[in-house]
Amino acid sequence: MSGAVAWIVVALGLGVPTLRRRSVAIALVTGQALLLAATAAVQADGLDELVAAVALLCRALLLCGLLLVVVRRTRARPVRADAGPLVRGVAAVGLALLLALLVPSLGLDDRDAERALLALVAFALVTVATRKATVFHIAALVQVDNALAVAALAAAGGLPGLIELGVAADLIVVVLVAALLHARIYTEFGSGDSAHLRALRD
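Predicted model, so just to flag it, every value in this text is computed and none were measured.

Remarks on the packing of helix 1 (residues 3–18) against helix 4 (residues 85–102)
- The N-to-C vectors of helix 1 and helix 4 enclose an angle of 135 degrees; their axes lie 8 Å apart at closest approach. With respect to helix 4, the element helix 1 is oriented oblique. Taken as a pair, helix 1 and helix 4 cross one another with a handedness that is right-handed. Residues Leu14, Pro17 and Thr18 of helix 1 lie in contact with helix 4, whose contacting residues are Pro85, Arg88, Gly89, Ala92 and Val93.
- Considered class by class, the residues forming the contact of helix 1 with helix 4 number five nonpolar, two polar and one charged.

This is the structure:
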C-alpha cells in the first residue's frame, strides 16, 4: 500500500469530525472505502485477495446506499455539536499525533499505514466524543473499519478473502442495527440527536 493512498484516506477521514453535513460524512467514508477497494484490487495477487477486494467494494456500496436512505428518510435540522469545527479538527489532529507518538509499532511493514490507521481511529473517537448526531457516530464506526482495512492492505500477505467477507457482513449488520436505532430516535423525537438515547424505553 503506497503512502500516498494512506494519506489520502486520512485526509478524507479528517472531514468526518469537522464538517457539518451528514451526507458529506457518508460520502467521505464511502470514498475511503472505494479507494481501499481499488488499492486491494490493484495489489491482488490471486483469487483470495481479489475476493477481499470485491468484499471491500460491496461493503462500501451497500453501506453508502443504506446510510443515504437513512439520511433521506430522517431529514431534520442539523444537530448542534458540542464544539465548533476548528476545535474538533484540532482535537482530531492532536489525538492522531499523540497516538502516533505513544503507540509502539503495530508490526505492519509500512509505518505510513500504521500512522494512517491511528489517525483514522483518533478521528473516529473525536467524532463520537464531540458530535451528537447518530449518523456521525455510524460514520465513525465505518471509519474504524476502514482503518482495519488499511492495516490489512499493509500487512504481509494481506487479509484472506473469506475473513474480509465475514468482517464486511458483520459491519453491515452492526450499521443496520445502528440505522434502525437512529430511525427510532427520529420517529420519537424528530431529531437524530444521540442525547435522546437516554429517553428511549421498551
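Some thoughts on the packing of aromatic side chains
- Applying the stated criterion across every chain, the model contains zero aromatic pairs.
- Sitting over the face of the ring of Phe136, Arg131 holds its NZ or CZ atom 3.8 Å from the ring centroid.

A closer look at helix 5 (residues 111–130)
- Over its 20 residues, helix 5 runs 28 Å from end to end, which matches the ideal 28 Å to within 8%, given 1.5 Å per residue.
- Structurally, the start of helix 5 carries an N-cap: the backbone nitrogen of Asp112 is 2.9 Å from a side-chain oxygen of Asp110.

Here's the deal with the packing of helix 1 against helix 2 (residues 22–43)
- Direction vectors running N to C along helix 1 and helix 2 enclose 165 degrees, while the axes themselves pass 8 Å from each other. For the element pair helix 1 / helix 2, the angle class is roughly antiparallel. Our pair here, helix 1 against helix 2, has a crossing hand that is left-handed. Note on element contacts: helix 2 touches helix 1 through Ala25, Leu28, Val29, Gly31, Gln32, Leu35, Leu36 and Thr39, opposite Val5, Ile8, Val9, Leu12, Gly13, Gly15 and Val16.
- Counted by class, the contact of helix 1 with helix 2 contains 10 nonpolar, five polar and no charged residues.

About the cut-offs
- Numbering of residues starts from 1 in each chain and follows the order in which that chain's sequence is written.
- The predicted origin of the model limits local features to residues at a pLDDT of at least 70 and limits the giving and counting of side-chain atom pairs to 80 or more, whereas totals for whole chains, interfaces and linings rest on all residues.
- The side-chain numbers reported here are obtained from all heavy atoms of the structure, hydrogens and water having been left aside.
- Helix axes use the C-alpha atoms of the stretch in contact, all axes being lines fitted to C-alpha atoms, and the angles between their N-to-C directions lie in the range 0 to 180 degrees.
- In this description a helix means any DSSP run of H or I spanning at least four residues, a strand means any run of E spanning at least two, and both kinds are numbered starting from the N terminus.
- Throughout this description, any angle smaller than 35 degrees is read as roughly parallel, any larger than 145 degrees as roughly antiparallel, any in the 65 to 115 degree range as roughly perpendicular, and the remainder as oblique.
- Handedness of each helix crossing follows the sense of rotation of the near helix against the far helix: counterclockwise by less than a right angle gives left-handed, clockwise gives right-handed.
- Should any heavy atoms of two residues lie within 4.5 Å, those residues are counted as being in contact.
- Residue classes follow a fixed rule: Ala, Val, Leu, Ile, Met, Phe, Trp, Tyr, Cys and Pro count as nonpolar, while Asp, Glu, Lys and Arg count as charged, and any other residue, Gly among them, counts as polar.
- Side-chain rings of Phe, Tyr and Trp (the six-membered ring for Trp) are treated as a pair once their centres are within 6.5 Å; stacked means planes under 30 degrees apart, edge-to-face means over 60, and tilted covers the remaining angles.
- Cation placement over rings: the criterion is NZ of Lys or CZ of Arg within 6 Å of the ring centroid and within 35° of the ring normal.
- Given a helix with a known number of residues, its expected span is that number minus one, times 1.5 Å.
- Polar contact is defined as a pair of N or O atoms within 3.5 Å, subject to the rule that within protein one atom must be able to donate a hydrogen and the other to accept it, and that residues adjacent in sequence are counted only when both atoms are side-chain atoms.

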